[in-house]
Amino acid sequence: MTSTSQKTVRVFAPATVANVACGFDSLGFAINQPGDIVEVTLRDDDKVRITGITGDNGRLPLEADKNTASVAVMAFFKELGGGSGVDIVVHKRMPLGSGLGSSAASSVGALFATNLLLGEPMQKGDLLPFAMIAEASACGSPHADNVAPGLLGGFALIRSYKPLDVVSIEYPDNLYCTVLHPHIELRTEDSRRILRKHIKLEDAVIQWSNLAGLIAGLSKSDFQLISRSLNDIIFEPVRSLLIPGFDRVKQAALVSGALGCSISGSGPSVFALSTSHEKAREVGLAMKQAFSALQLDSDIYVSTVNRQGPRVLAPGEDPVSPEF
Ligand code: HSE
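Just so it is clear, the structure is predicted and the values come from calculations on it, not from any experiment.

Looking at the site of the ligand
Then, in step 1: Taken together, Ala18, Asn19, Phe24, Asp25, His143, Asp145, Asn146, Thr188, Arg192, Arg239, Gly265 and Ser266 make up the full set of residues near the ligand.
Then, in step 2: Separating a nitrogen atom of the ligand from a side-chain N or O atom of aspartate 145 is a distance of 2.7 Å.
Then, in step 3: In the model, an oxygen atom of the ligand is placed 2.8 Å from a nitrogen or oxygen of the asparagine 146 side chain.
Then, in step 4: Of all the cavities here, the one that holds the ligand is the largest pocket.
Then, in step 5: When the residues that make up the shell around the ligand are grouped by side-chain class, the tally is two nonpolar, six polar and four charged.
Then, in step 6: The two domains that each donate at least three residues to the shell around the ligand are domain 1 (8-169) and domain 2 (176-304).

Below you can see the structure in the form of structure tokens.
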């Protein structure tokens, strides 16, 4: 499936939940649905082109220097010294401006597929800086808490940006994620702009203690510790103002037995973690009901944590649809 003699590779690249409550720009995890499908074909020349985009209602740029998929691949080719070219088709299977790492999934999928077609000149993890360049082009910030878990799978901690130091965090197998995607859109750029630039020391202490608690809870499969640590006292109070019904949705998730609930990335999606698929569905139903009480529509995705990051799809395989 991944031999260098292939000219086209079609991959699934997972959505991601960044921040995970207390880990702003530092922690994220990948989920098994939704995600993008990206098809990359080697060219005989050194051009990089976006030859098609579906599922975006014509909103994403076809210009290679503006689309995150091609921006990432061009940065990769530059590092390799040039000489290669690809055609990229992006099938958006997740909403834009949703807080689910939509731009990250496209760049990660394109990089992963291109690297395979070239016979893997780089290890998967070494592709990360190119995906970060694409993130910066999309929203002005090279944050890695979507692209790192999207590429590596599982939970990824960005311990340092300069130099880049990404650590994979172990987590329990029976950890399930519910995502409520409200049918509204928020641009990451906008939901970053409203954040306070200075935080109080006492708030910082609470936040980094929670992040440490969450990492410890994940590594030790201590669900109670995970639950106690899933709190964001700095960013959620500000960003949640942009998400109608957030407090009701969060309350519904917690009352239904979720371990915790917060904003996915920069929003508007809201995620909750649970210990079984059944519970995660129940939590999803409660979240959807709470949201629809405001006459607002949403999709619910229920998923395990994605362990592998992007993967090559079998011919005709179509892995993505909302739970309900
Ligand atoms: N950490 C980023 C933010 C994620 O919260 O702005 C964006 O998806």
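A few points about unusual backbone geometry
Then, in step 1: With an omega dihedral of 5°, the bond running from glutamine 33 to proline 34 counts as a cis peptide bond.
Then, in step 2: As for its position among the elements, proline 34 is in strand 2 (residues 27-43).
Then, in step 3: Cis geometry marks the peptide bond from lysine 162 to proline 163; its omega dihedral reads 0°.
Then, in step 4: If you trace the backbone, proline 163 turns up in the loop between strand 5 (155-160) and strand 6 (165-169).
Then, in step 5: Of note, the phi angle at alanine 21 is positive, near 70°, even though the residue is not glycine.
Then, in step 6: Locating alanine 21 in the fold gives a position in the loop between strand 1 (8-18) and strand 2.
Then, in step 7: With a phi close to 55°, glutamate 120 is a non-glycine residue in the positive phi region.
Then, in step 8: Relative to the helices and strands, glutamate 120 resides in the loop between helix 2 (102-117) and helix 3 (128-139).

Thoughts on the sheet that holds strand 8 (residues 260-263)
Then, in step 1: An order of 8-9-7-10 is seen for the four strands of this open sheet, with the pairing classed as antiparallel. Only two strands of the sheet have a single neighbouring strand rather than two, namely strand 8 and strand 10 (298-304). Averaged over neighbouring strand pairs, the angle between their axes works out to 20° when direction is ignored.
Then, in step 2: Sheet topology places strand 7 (residues 176-182) next to strand 10; seven bridges connect them, and they run antiparallel. Residue pairing across strands places valine 179 opposite tyrosine 301, the latter belonging to strand 10.
Then, in step 3: Packed onto the sheet, helix 9 (residues 246-255) meets strand 7, strand 8 and strand 9 (270-274) and runs at close to 155° relative to strand 8.
Then, in step 4: Against the sheet, helix 10 (residues 277-292) engages strand 7, strand 8, strand 9 and strand 10, with an angle of about 20° to strand 7.

Some points on the packing of aromatic side chains
Then, in step 1: This model, assessed by the stated rule, comprises six aromatic pairs.
Then, in step 2: Site record: aromatic cluster; members linked through ring pairs are Phe29, Phe155, Tyr171 and Phe271.

Some words on the packing of helix 1 (residues 68-80) against helix 3
Then, in step 1: The interhelical angle for the contact between helix 1 and helix 3, taken along N-to-C directions, is 140°, at an axis separation of 8 Å. Taken together, the axis directions place helix 1 and helix 3 in an arrangement best described as oblique. Crossing hand, helix 1 versus helix 3: right-handed. Contacts from Thr68, Val71, Ala72, Ala75, Phe76 and Glu79 in helix 1 reach Phe130, Ala131, Ile133, Ala134, Ser137 and Ala138 in helix 3.
Then, in step 2: Considered class by class, the residues forming the contact of helix 1 with helix 3 number nine nonpolar, two polar and one charged.

Some points on the pairing of strand 6
The two faces of the sheet receive side chains in turn, since in a regular strand these alternate between them.
Then, in step 1: Bridge count between strand 5 and strand 6: five bridges; the pairing is antiparallel. Counterpart to phenylalanine 155 in the pairing with strand 6 is isoleucine 169.
Then, in step 2: As consecutive antiparallel partners, strand 5 and strand 6 are separated by four residues.

With respect to the domain arrangement of the chain
Accessible area lost upon the coming together of the parts serves often as the stated size of an interface.
Then, in step 1: Domains assigned within the chain are domain 1 (8-169) and domain 2 (176-304).
Then, in step 2: Domain 1 and domain 2 are separated by 24 Å when their C-alpha centres are compared.
Then, in step 3: Domain 1 puts 32 residues into the contact, and the matching count from domain 2 is 37 residues.
Then, in step 4: Around 2,600 Å² of area is buried between domain 1 and domain 2 when both sides are counted, 64% of it from carbon and sulfur atoms.
Then, in step 5: By the criterion of area lost to domain 2, the three top residues of domain 1 are Ala21, Cys22 and Phe24, representing 24% of everything that side buries.
Then, in step 6: Where domain 1 meets domain 2, there are two salt bridges.

Quick notes on the rules
Numbering of residues starts from 1 in every chain and runs along the sequence as written. Residues qualify for local features only when their pLDDT is at least 70, as the model is predicted, and side-chain atom pairs are given and counted only at 80 or more; totals for whole chains, interfaces and linings, by contrast, use all residues. Hydrogen atoms and water are omitted, and side-chain values are computed over all heavy atoms in the structure. The nearness test applies per residue and asks whether one of its heavy atoms lies within 4 Å of the molecule or strand. We define a polar contact as two N or O atoms separated by no more than 3.5 Å, with the added condition that, inside protein, one atom must be a possible hydrogen donor and the other a possible acceptor, whereas residues neighbouring each other in sequence contribute only through side-chain atom pairs. Grid spacing is 1 Å over the protein atoms alone, the probe is 1.4 Å, and a cavity is where that probe fits but cannot get out, while a pocket is an open set with protein on both sides within 12 Å along at least five of seven lines and lining residues have an atom within 4 Å of a point. Pocket or cavity membership: a molecule qualifies when more than half of its atoms sit within 2 Å of the grid points of that site. Gly falls in the polar group here, along with every residue not listed as nonpolar (Ala, Val, Leu, Ile, Met, Phe, Trp, Tyr, Cys, Pro) or charged (Asp, Glu, Lys, Arg). The domain boundaries here were taken from an automatic or database domain assignment. Starting at the N terminus, helices and strands are each numbered in turn, a helix being any DSSP run of H or I of at least four residues and a strand any DSSP run of E of at least two. Two strands pair under a simple rule: DSSP has to find at least two bridges between them. Only the contacting stretch of a helix is used when fitting its axis, a line to C-alpha atoms as for every element, and angles between N-to-C directions run 0 to 180 degrees. Should any heavy atoms of two residues lie within 4.5 Å, those residues are counted as being in contact. Pairing of aromatic rings covers Phe, Tyr and Trp, the last counted by its six-membered ring, and requires centre-to-centre distances within 6.5 Å; plane angles under 30 degrees mean stacked, over 60 mean edge-to-face, and any other angle means tilted. Just so you know how the angles are binned, under 35 degrees is roughly parallel, over 145 roughly antiparallel, 65 to 115 roughly perpendicular, and the rest oblique. Crossings are assigned a handedness: left-handed for a near helix turned anticlockwise from the far helix by less than a right angle, right-handed for a clockwise turn. Put simply, buried area is how much 1.4 Å-probe accessible surface two parts lose in total, over both of them, once they are put together. Between Lys or Arg on one side and Asp or Glu on the other, a salt bridge is scored when a side-chain nitrogen of the former is within 4 Å of a carboxyl oxygen of the latter.

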